[in-house]
Every structure is written in C-alpha cells, then in structure tokens.
Amino acid sequence: MNKSSNYTWKLGMFVILGLALFIVTVYFIGKSQNLFGSTFRLNSHFKNVSGLKVGNNVRFSGINIGTVKKIEFISDSSVVVNLIIKEEIQKFIKTDAVASIGSDGLMGDKVLTISPGTSSNEIVKDNGTIASTKAVELEDLMKGLRKSVDNAQIITLQLSEFSLKINKGKGALNKVLTDEEFANGIQKTLTNLQLSSDEFLVFTKNMNDKNGTLSKLMTNPYYANSIEKTLSNLEKSSNEFDAFTKKLNNDKGILSKLVSNERLATSLDSSLTNIEKGSKSLLEIEEAAKHNFLLRGFFKKKKKTEAKKENELLLNKDK
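Undergrad: Explain the overall build of the protein to me, please; I cannot follow it from the model alone.
TA: Across its full length, the protein holds nine helices and seven strands. For the protein, buried positions account for 15% of its 319 residues. Look at the contacts in the protein between residues 6 or more apart in sequence, and 56% of them connect residues 24 or more apart.

As structure tokens, this is what we get:
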C-alpha cells in the first residue's frame, strides 16, 4: 500500500512538472511569435528574399518587434513577405520606411530589418505595404573578397618584380639609391630649383613693389596710357611703312622704276658715265689753261692767295 502511494505521488509530480514545462514553452514560443499580444500586419515586396524563412525575426532600430508570417510568390520576379508586428510599434513606423534582409551575424539566420523613414509623418496602416531594398548576398560578398585577393596577388607580384629590378641595378630608382654621382646630380637639380624659386619670390616681391617699373606698368594709368600711345604710334608707323612699300612696288613710281626697270637703270648708268667723262674733260681743259700765257698770271695769283690763306691758318693754330 505504501509502495503504491509513493509511486502515485511521484507520477503526479512528474505530470505536474511536465505540464508546467509545456505551459512555459508554449508561452515563450507564443510570445516570440506574437501569439498573445495585439499585432498588426505589414507587407513588403522583394525580388529575392535571400533565404528568409517564415518565423524569422523582424527588427526595427535593432529591436525584435515581430516575425515573418508568410512568404508568397506574386510573379516569377516578385515575392511578397507578410509580417506580424507588435501593435505598440505601429506609431513609430512611417509610410516611407524601408525593409531590407540581412543576417544575424556572419553565418546566422536571416533577419528582416525595417529602417525608419525621414520625410513622411504618416503612420503605416494595418496590412499596409512599405518599400524594400535589394538584399546583400553572401555570394556577392565572396566575389568581392575573391577579387580583392586576386588584386592583392597581382600587386604583390608587381612589387616583387619591382624590388628585383632595383636589386639588379636597373632603373633610375636604383641609381638614386646606389649611384652617388646620380644622387649628387639630383641634389644639384633640387638646389637649383630652390634657388630659382627664391629668385622668383624676389621677382614677385619686386613686381608687387609700388615703386617698381613693372608694378607701375600694371597699376599706374599714366604708364598704361603711355604704352598704349607708343603702341598706337608704332602701329601708325607700320601702316605708313606698308604704304611706302606698296608705293615702292608700284611700277609708276621713280624709285620703283630705278629698282625694277632695267632700261631706266641702263640710261642712268650711261648718264653717270657721261658726267664722269665730262668732268675729266673739264679738268684737262683747266690744266691746259694754266699753261696758256694769257691765263698764267691769273692762276699764279690764285695760287699765291691760297698759299697765303694756308700760312695764316697755320699761324693761328700755333697761337
């Protein structure tokens, strides 16, 4: 009798504990699935849900506010995701909110995240629809990582070739690192460049000096007008010279004929030759007249007068 009662008591305790555990489990599951509170529905359309499942969490500002209730195909390129969200959160979700699909950690379950809107003040309605963004696929991340690794491999290979060329003594960089003469040449170039920059600085200071000629040319209206007049006069002179050259090239002008008319040049040459011959003849006539007894006295007197003038000039110089 005592054994039977002990067995019955133990069995009753086991059943009570099992029921309590079952009730607690149902409570937590129901709470996580929003079965015991006031909720509202919300929809969002995606082209690819990226492995999202019914029962996955819905987050808003990093807090779990609901679960994925249903996922249905609308067409071959569109899927609608139905969400169950706590009713007290409805006032914080506006019509311009955006849904996106992410992961709970790197390899965790998928999570649907609602990002708050910025411009609208209208609260979403029960069974309303919000916009969505394309989910970031793990495959896309792996492709990007693979591409980065490939690029890193190419870069390391190029760096290896570059360092090998430097160690073999090829290229200007090796000369800079190892050739003292080349390095000294670069040092001199840099020194000259610094000197040039210093001289240019002095030049700019002089240019900005109000008393400098260049500064006056740039700022003083008088100098500017003077230069403008000079340029204007130069332009006039060039125009006049152009007109002169045109007249010179005109066949009607005397100078043009002297330059280009062969007949006139021949005639002028003949005239000069005749004048030269005539002057020689006059000298011969004068010389003959000096020896003529009728004119000999005149030329002697003229010669004495010239000699007297020369003596007077010499005396004046001596004084």
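Undergrad: Any chance you could explain the environment of Lys134 here in plain terms?
TA: The residue Lys134 is located in the loop between strand E7 (128–132) and helix H2 (138–168) in this model. Given a relative accessible area of 74%, Lys134 falls into the exposed group. Sequence spacing of Lys134 and Ala99 is 35 residues, and the spatial spacing of their C-alpha atoms is 9.2 Å.

Undergrad: Explain the nonpolar core here, please?
TA: General note: in soluble globular proteins, nonpolar side chains tend to be found buried as a group. One finds Leu42, Leu83, Ile85, Ile93, Leu112 and Ile114 to be the most contacted residues of the largest nonpolar core, which totals 23 residues. Among residues more than four places away in sequence, those in contact with Leu42 are Val81, Asn82, Leu83, Ile85, Ile93, Ile114, Val124, Lys125, Gly128, Thr129 and Ile130.

Undergrad: Would you mind going over the sheet that holds strand E5 (residues 98–103) with me for this structure?
TA: The seven strands are arranged E1-E4-E3-E2-E6-E5-E7 in a closed barrel whose pairing can be described as mixed. Recorded for the sheet is a direction-independent mean angle of 40° between the axes of neighbouring strands. Note that strand E1 (residues 39–46) and strand E4 (residues 78–86) share eight bridges and pair antiparallel. Bridging across to E4, Leu42 finds its partner in Leu83.

Undergrad: Just checking my understanding: could you explain the pattern of salt bridges for this structure?
TA: Once the charged atoms of two side chains with opposite charge are near each other, the side chains can pair. Under the counting rule described, the total for this entry stands at two salt bridges. A salt bridge links Arg59 to Asp104, with the nearest nitrogen and oxygen atoms 3.4 Å apart. Residue Arg59 is found in strand E2 (residues 57–60), and its partner Asp104 is found in the loop between E5 and strand E6 (110–115); the two are separated by 45 residues along the sequence. Put simply, Lys70 and Glu72 hold a salt bridge, and the shortest N to O gap is 3.5 Å. Look at Glu72 and you get partly exposed, because its relative accessible area is 38%.

Undergrad: Is there a simple way to explain unusual backbone geometry in this structure?
TA: Among all residues save glycine, negative phi is the norm, and among peptide bonds the norm is trans. At Ser50, a position not held by glycine, the phi torsion is positive, near 55°. With respect to the element layout, Ser50 can be found in the loop between E1 and E2. Of the residues examined, Ser50 reaches a relative accessible area of 10% and is grouped as buried. With phi around 60°, Ser61 is a residue other than glycine that occupies positive phi space. The exposure class of Ser61 is exposed, given its relative accessible area of 54%.

Undergrad: Please explain the side chain of Lys110 as it appears in this structure.
TA: By the element assignment, Lys110 lies in strand E6. At 3.3 Å, the side chain of Lys110 and the side chain of Ser103 are in polar contact. In this structure Lys110 touches Ser50, Gly51, Leu52, Asn56, Ile101, Gly102 and Ser103, once residues within four positions along its chain are discounted.

Undergrad: Would you take a moment to explain the pairing of E7 for this structure?
TA: Both faces of the sheet carry side chains from a regular strand, because those side chains alternate between them. Looking at chain direction, E1 and E7 are connected through three bridges and run parallel. Counted as the bridge partner of Leu42 is Gly128 from E7. Where E5 lies against E7, two bridges are found, and the strand directions are parallel. Within E7, the position partnered with Ala99 by the bridge is Ser132.

Undergrad: It is not clear to me how a nonpolar patch on the surface should be interpreted in this structure. Could you clarify?
TA: The grouping of Leu11, Phe14, Val15, Leu19, Phe22 and Ile23 at the surface amounts to a nonpolar patch, some 650 Å² of accessible area in total. Along the chain, Phe22 falls in helix H1 (residues 2–32).

Undergrad: Help me understand the pairing of E4, please; the structure alone is not making it clear to me.
TA: Of all nine residues that make up E4, eight are buried, and the element is covered over most of its length. The pairing of strand E3 (residues 63–75) with E4 spans eight bridges and is antiparallel. For Lys70, the partnering residue across the bridge sits in E4 and is Asn82. The loop that links E3 with its antiparallel partner E4 comprises two residues.

Undergrad: It is not clear to me how the side chain of Asn56 should be interpreted in this structure. Could you clarify?
TA: Mapped onto the secondary structure, Asn56 falls in the loop between E1 and E2. Of note is the side chain of Asn56, whose polar atom sits 2.7 Å from the backbone nitrogen of Lys53.

Rules used in this analysis
- Along each chain, the written sequence defines residue order, and numbers are assigned to residues from 1.
- Two thresholds apply to this predicted model, a pLDDT of at least 70 for residue-level local features and 80 or more for giving and counting side-chain atom pairs, whereas whole-chain, interface and lining totals are computed over all residues.
- Working from all heavy atoms in the structure, the side-chain values ignore hydrogens and water.
- Secondary structure elements follow DSSP: runs of H or I no shorter than four residues count as helices, runs of E no shorter than two count as strands, and numbering proceeds from the N terminus.
- When accessible area is computed with a 1.4 Å probe and restricted to protein chains, residues below 20% of their type maximum are described as buried, those above 50% as exposed, and intermediate ones as partly exposed.
- Any pair of residues with heavy atoms lying within 4.5 Å of one another is described as a contacting pair.
- Grouping buried Ala, Val, Leu, Ile, Met, Phe, Trp, Tyr and Cys residues that are joined through side-chain atoms within 4.5 Å yields what is termed a nonpolar core.
- Two strands form a pair only when DSSP identifies at least two bridges running between them.
- Axis lines are fitted through C-alpha atoms, for helices just across the contact stretch, and the angle between N-to-C directions can take any value from 0 to 180 degrees.
- Here a salt bridge means any side-chain nitrogen of Lys or Arg lying within 4 Å of a carboxyl oxygen belonging to Asp or Glu.
- Polar contacts here mean pairs of N or O atoms no more than 3.5 Å apart (in protein, one a potential hydrogen donor and the other a potential acceptor; neighbouring residues in sequence count only if both atoms are side-chain atoms).
- Within this analysis, patches are made of residues with over 30% relative accessible area and no salt bridge. Like charges are joined at 9 Å or less; nonpolar side chains (Val, Leu, Ile, Met, Phe, Trp, Tyr) at 5 Å or less.
- All accessible-area figures derive from a Shrake-Rupley calculation using a 1.4 Å probe, and residue coverage is judged against the displayed protein chains alone.

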